[in-house]
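Listed below, chain by chain, are the residues.
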Amino acid sequence: VAVLKKQFGKNKIIPKELELECLAALSYYPELLNEYVAFRWDNSISSTMKMVPTYTSFLFHKKLKYVVYINKSAATTNLNINELSFNAKVGWLGHELGHVLQCVEKSRLGVLWMGICHISNKFIAKSERETDIITIQHNLGYALYEGMHYTLNNKKVNEAYIAGLKKNYLSLEEILIFINKTEQRKP
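Residues numbered from 1 in each chain as written. Predicted model: local features only at pLDDT ≥ 70, side-chain atom pairs only at ≥ 80, totals over all residues. Heavy atoms only, no water.

Trainee: Describe the overall build of the chain, and please don't skip the residues or the numbers.
Mentor: Counting secondary structure elements, the chain contains 8 helices and 4 strands. Ordering the α and β elements of the chain from the N terminus gives α-β-α-β-β-α-β-α-α-α-α-α. The buried share among the 187 residues of the chain stands at 46%. Within the structure as shown, the chain displays about 10,100 Å² of accessible surface, and the carbon and sulfur contribution to it stands at 58%. (Helix = DSSP H or I, 4+ residues; strand = E, 2+ residues; numbered from the N terminus. Buried < 20%, exposed > 50% of the residue type's maximum accessible area, 1.4 Å probe, protein only. Areas by Shrake-Rupley, 256 points an atom, 1.4 Å probe, with all protein chains shown as cover.)

If you want it as structure tokens, here you go:
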């Protein structure tokens, strides 16, 4: 953990309980080495994880800072983060880091527009599917698949949550297709 923390932990705030998983996910995103990302527990979100740029950095800082909120309560989804395997956690954290990468690559106005558009169901699905593809392109496709497979086949998980996953994210079959396409492009 110490080696990963030294290499990938700069400008990162990481809860001890998920330190290895967060650092492992960060290792797949070398583009984010110098970005400020805080991973925080927040049981008030209606999903397992959620990424947002901080409002204060948006208004007062030259460079944006990001927070990945992680819900360890199963109250809204009936999915406790601790039920996911190490791989699945890394894949889902990698998905959230894909959102960070999307923001880093946009202008401030572009990030603001993304936030405004997130009230549109059509935009949400487009954004989440694009982020799944970014996750796969960063070699976290199988980890993403593992988390989705577990969740979609877990009888305890809230039906509305599963319906949202099916509507807005790549299907298991699509994940495998994009993994295959990504692997074929490698030299």
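Trainee: I'd like a rundown of the environment of G94, residues and numbers included.
Mentor: Along the polypeptide, G94 turns up in helix α4 (residues 86-104). Spatially, the C-alpha atom of G94 lies 8.3 Å from that of C22, the residues being 72 residues apart in sequence. With residues near it in sequence (within four places) discarded, G94 still touches A25, Y29, T135 and L140. (Contact = heavy atoms within 4.5 Å.)

Trainee: Which residues make up the nonpolar core, and what are the values?
Mentor: Membership of the largest hydrophobic core comes to 43 residues, with the highest contact counts inside it found for F39, I70, W92, L93 and L97. Looking at this core, the elements with two or more residues in it are α2 (19-26), β2 (36-41), β3 (49-53), β4 (65-70), α4, α6 (121-152), α7 (159-168) and α8 (172-185). If one sorts the elements of this core by residue count, α4 sits on top with 8 residues. Contacts of F39, omitting those with residues within four sequence positions, involve I13, I14, P15, C22, L26, V68, I70, L93 and L97. (Core = buried A, V, L, I, M, F, W, Y, C linked by side-chain atoms within 4.5 Å.)

Trainee: How would you sum up the packing of aromatic side chains? Please name residues and give values.
Mentor: Enumeration over the complete set of coordinates arrives at 0 aromatic pairs. Sitting over the ring of W41, K72 keeps its end group 4.5 Å from the ring centre. Here the basic side chain of K181 rests over the ring of F178, its NZ or CZ set 5.0 Å away from the ring centre. (Phe/Tyr/Trp six-rings, centres within 6.5 Å; stacked < 30°, edge-to-face > 60°. Lys NZ or Arg CZ within 6 Å of the ring centre and 35° of its normal.)

Trainee: Tell me about the side chain of N71, residues and numbers included.
Mentor: Topologically, N71 is positioned in the loop between β4 and α4. At a separation of 2.9 Å, a polar atom in the side chain of N71 contacts the main-chain amide nitrogen of S73. Those residues within four positions of N71 in sequence are excluded, and the remaining contacts are D42, N43, I45, S47, T48, T76 and I81. (Polar contact = N/O pair within 3.5 Å; in protein donor to acceptor, adjacent residues only side chain to side chain.)

From the geometry alone we can't say anything about function, so treat these as descriptive.
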